[in-house]
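# Notes for the structure review
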Amino acid sequence: MEGTNITATSVDLVGDGIAITWSDGRTCVFPYRYLRLQCACAGCVEEMSGRQLLNVAMVPEDIIAVDYLEVGRYALQFLWTDGHSTGIYPFRMLQRLANEDDAVKCD
């Protein structure tokens, strides 16, 4: 899945997470809460230091994404049940998470 030309061909909000099918044919499921905690927006991560601002304990265990937007041809943006919606998840970041973290299940 390495490379910059891999794009999402479908995104489905399923029971246990967000299922993304990539243009290379692989499908990865990102657990909802796991992905919410990866948000790197200015409200969740301090821009200059990279220090996490998001209070992990305040993110509900049963959080889900209720909708999403495609951002250009490079990222996804989710609307979470905790009201958060400003985070952008670039495809490269999602691919890195899929490759490096066992929490993401791919086939």
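Look up a bit, the structure's there.
An account of the accompanying structure is given in this report. (Residues numbered from 1 in each chain as written. Predicted model: local features only at pLDDT ≥ 70, side-chain atom pairs only at ≥ 80, totals over all residues. Heavy atoms only, no water.)

This part takes up the sheet that holds strand β2 (residues 17–22). Read across the open sheet, the four strands follow the order β1-β2-β3-β7; overall the sheet is antiparallel. The open sheet has two edge strands with one neighbour each: β1 (8–14) and β7 (105–106). Of the strand pairs in this sheet, β2 and strand β3 (residues 27–31) are connected by five bridges, and their pairing is antiparallel. Within the sheet, the bridge partner assigned to I18 lies in β3 and is F30. (Pairing = 2+ DSSP bridges. Helix = DSSP H or I, 4+ residues; strand = E, 2+ residues; numbered from the N terminus.)

On to the nonpolar core. Judged by nonpolar contacts, the single largest core of 27 residues is most densely connected at I18, F30, L35, W80 and L94. Among the elements of the structure, β2, β3, α1 (32–37), β5 (75–80) and α2 (91–100) are those that each provide at least two residues to this core. Sorting elements by how many residues they give to this core places α2 first, with five residues. Here W80 is in contact with I18, Y32, L35, R36, I63, I64, A65 and Y89, once residues within four sequence places are set aside. (Core = buried A, V, L, I, M, F, W, Y, C linked by side-chain atoms within 4.5 Å. Buried < 20%, exposed > 50% of the residue type's maximum accessible area, 1.4 Å probe, protein only. Contact = heavy atoms within 4.5 Å.)

Turning our eyes to something else, we now look at the packing of aromatic side chains. In the structure shown here, the tally under the stated rule is four aromatic pairs. Between Y68 and F78, the aromatic rings sit 6.4 Å apart at their centres with planes inclined by 50°, giving tilted as the arrangement. With a gap of 10 residues between them, Y68 in strand β4 (residues 65–71) and F78 in strand β5 connect regions that are remote in the sequence. For the ring pair F78 and W80, a centre distance of 5.6 Å and an interplane angle of 50° mean the geometry is tilted. According to the relative accessible area criterion, W80 is buried, its value standing at 2%. (Phe/Tyr/Trp six-rings, centres within 6.5 Å; stacked < 30°, edge-to-face > 60°.)

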